[in-house]
Amino acid sequence: VRLGGRYDDVRMCVASGPGVPGGMAADVSFFLELGLTEDWSAHIDVPAMRPLLFGAAFEMLQFEPSVSIRRRVRTAGVADVVLGPTLGLSLHHGPDYESERSGAGRGASFFALGPSLGGHVGLDFRRPGESFNFQLGISPQVTPLFSIADPDEHRGWVIGGLLDGSFRWQ
């Protein structure tokens, strides 16, 4: 479960009014963590809620899968520190941020994409002997977006961050 905010001077934000570059960000993701060594893992994140909701309710696509390489720093306390860099891809189809959600004020849809660079810092609350635990972290990111075959040549930046709450089964 992810909740945060972002500056976005390219895409329409359904949580903000027309002309507002960015706003609130939220998603529910599925992830897979593959152990590389005892303290290193690859974390694959596949967003689910935003792509499905935006497609059904707003005729838009915003899909931002990512991969992180994470290091676990073991502590003597109740939680380990988990941190590392993230690389992702942002895919968009919909109107720009000056557009209304519907009606005559809705602008033309266009395709845009760009690489997403970021990181993750979190706490993994260990529960020895249990199959379920919880991880809480923050994930800042920056993404340059470039439109594709768009007569208006939309381009700009998405800069933001998310508070991540991960329910983990092992």
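About the thresholds
- Residues numbered from 1 in each chain as written.
- Predicted model: local features only at pLDDT ≥ 70, side-chain atom pairs only at ≥ 80, totals over all residues.
- Heavy atoms only, no water.
- Helix = DSSP H or I, 4+ residues; strand = E, 2+ residues; numbered from the N terminus.
- Contact = heavy atoms within 4.5 Å.
- Areas by Shrake-Rupley, 256 points an atom, 1.4 Å probe, with all protein chains shown as cover.
- Lys, Arg positive; Asp, Glu negative; His and termini not counted.
- Charge placed at Lys NZ, Arg CZ, Asp CG, Glu CD.
- Salt bridge = Lys/Arg side-chain N within 4 Å of Asp/Glu carboxyl O.
- Buried < 20%, exposed > 50% of the residue type's maximum accessible area, 1.4 Å probe, protein only.
- Pairing = 2+ DSSP bridges.
- Polar contact = N/O pair within 3.5 Å; in protein donor to acceptor, adjacent residues only side chain to side chain.

1. A few points about the overall build of the protein chain
Regarding its fold elements, the protein chain presents one helix and 10 strands. With the C-alpha coordinates of the protein chain rotated into their principal frame, the extents come out at 60 × 25 × 20 Å. For the protein chain, long-range pairs separated by at least 24 residues make up 56% of all intrachain contacts whose partners lie at least 6 apart in sequence. Carbon and sulfur atoms make up 66% of the accessible area of the protein chain, which amounts to about 9100 Å² in all. Distance between charge centroids for the protein chain: 7 Å, based on 14 positive and 19 negative side chains.

2. Here's the deal with the pattern of salt bridges
What the rule picks out here adds up to 14 salt bridges. Between arginine 2 and aspartate 164 there is a salt bridge, with its nearest N and O atoms 2.7 Å apart. Pair noted here: arginine 2 is in strand β1 (residues 2-8) and aspartate 164 is in strand β10 (residues 155-169), with a separation of 162 residues, a long-range link. Here aspartate 164 falls in the buried class, since its relative accessible area comes to 5%. The partner of glutamate 33 in a salt bridge is arginine 168, with the nearest N and O atoms 3.0 Å apart. With glutamate 33 in strand β3 (residues 29-35) and arginine 168 in strand β10, this pair connects stretches of sequence that are 135 residues apart. Owing to a relative accessible area of 27%, glutamate 33 belongs among the partly exposed residues under this scheme. A relative accessible area of 9% places arginine 168 in the buried class.

3. Brief notes about the pairing of strand β4 (residues 40-47)
In this structure, β3 lies alongside β4, joined through seven bridges in antiparallel fashion. Residue pairing across strands places serine 29 opposite proline 47, the latter belonging to β4. Inspection of the sheet shows β4 paired to strand β6 (residues 66-73) by six bridges, in the antiparallel sense. Paired with aspartate 45 across the strands is serine 66, a residue of β6.

4. Remarks on the pairing of strand β7 (residues 79-94)
In terms of strand pairing, strand β5 (residues 61-63) meets β7 through three bridges, oriented antiparallel. If you follow glutamine 62 over to β7, its bridge partner there is histidine 92. Bridging between β6 and β7 involves six bridges; their strand directions are antiparallel. Across the sheet, the residue bridging to valine 73 is valine 81, located in β7. Between β6 and β7, which follow one another and run antiparallel, lie five residues. Where β7 and strand β8 (residues 110-125) come together, 16 bridges link them in antiparallel fashion. By the bridge assignment, proline 85 is partnered in β8 with glycine 119.

5. A few points about the environment of aspartate 96
You can see aspartate 96 is positioned in the loop between β7 and β8. C-alpha separation for the pair aspartate 96 and aspartate 9, spaced 87 residues apart in sequence, amounts to 8.0 Å. Leaving out residues up to four positions away in the same chain, aspartate 96 has contacts with Val10, Arg11, Met12, Phe110 and His154. A polar contact of 3.1 Å, which involves the side chain of aspartate 96, links it to the backbone nitrogen of glutamate 98.

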